[in-house]
Amino acid sequence: MRRNVERRTALVDAAIEVLAREGARGLTYRAVDAEARVPAGTASNYFANRDELFTQAGRRIYERLERDAAAAMTGPIEGPRDLAKVIELLRATIGRIEDFRTGYLALLELRLEATRRPELRAVLTERVREDVAANIDYHLEAGLPGDATSVRLLYLALNWLVVEHLTLPGVFSDEDVQELVAVAVERAVPR
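Report on the accompanying structure. Just so you know, these numbers come straight off a predicted model, no measurement behind them. (Residues numbered from 1 in each chain as written. Predicted model: local features only at pLDDT ≥ 70, side-chain atom pairs only at ≥ 80, totals over all residues. Heavy atoms only, no water.)

**Here's the deal with the nonpolar core**
No. 1: Counting 32 residues, the largest nonpolar core has Leu19, Leu27, Val32, Ile61 and Leu110 as its most contacted members.
No. 2: Where this core is concerned, the elements lending two or more residues are helix 1 (5–22), helix 3 (42–46), helix 4 (50–72), helix 6 (101–114), helix 7 (118–141) and helix 8 (148–167).
No. 3: Sorting elements by how many residues they give to this core places helix 1 first, with 7 residues.
No. 4: Apart from the residues lying within four places of it in its own chain, the contact partners of Leu19 are Ala24, Leu27, Phe54, Ala57, Ala106, Glu109 and Leu110.
No. 5: By size, the runner-up hydrophobic cluster in this structure holds 25 residues, among which are Leu158, Val177, Ala182 and Val185. (Core = buried A, V, L, I, M, F, W, Y, C linked by side-chain atoms within 4.5 Å. Buried < 20%, exposed > 50% of the residue type's maximum accessible area, 1.4 Å probe, protein only. Helix = DSSP H or I, 4+ residues; strand = E, 2+ residues; numbered from the N terminus. Contact = heavy atoms within 4.5 Å.)

Below, the structure is given as structure tokens:
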């Protein structure tokens, strides 16, 4: 397998775009090569099989999401640590997800594919567990209202809200999404 790290990263990023646009069935070496604008046969030199391509795409999505989240969760939280702050932080999170729409849509494809690919399932399970734990830690260490269960409930509720908003944008308007985030926080976080 080839070792050019920049080329491999470009191919994995191309795979994410293909997954978001074409779905798991459309993820072929040929489609990745075309998306990355490299000669035909390049992806097959970097990935032994489709399973490896799926797994690498899953890892890369989380690298990018994690980088964005880390940038957002650096430094002290300004202002009071109240429900309004939790709502503000979650609205900003949804905004970051919307900014990486193709990554999130590709991740949905990978989650479905993980039901059939044990290695991919292991990667995604580990990453989601780490993500949930990091969110709980951040929330508690920041002194925000609510407990670990509140964070888990918000994680679950907002994930499906994001799925609806990204896959069927006509179901809830942008204003509805903003309002539903506020209501979810108000109902999930005990006072």
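**A short note on the pattern of salt bridges**
No. 1: Inspection of the entire model under this criterion finds 11 salt bridges.
No. 2: As a salt-bridge pair, Arg60 and Asp13 come within 2.7 Å of each other at their nearest N and O atoms. Highlighted residues: Arg60 in helix 4 and Asp13 in helix 1, separated in sequence by 47 residues. For the pair formed by Arg60 and Asp13, the shared burial category is buried.
No. 3: With a closest N to O distance of 3.1 Å, Arg21 and Glu22 form a salt bridge. (Salt bridge = Lys/Arg side-chain N within 4 Å of Asp/Glu carboxyl O.)

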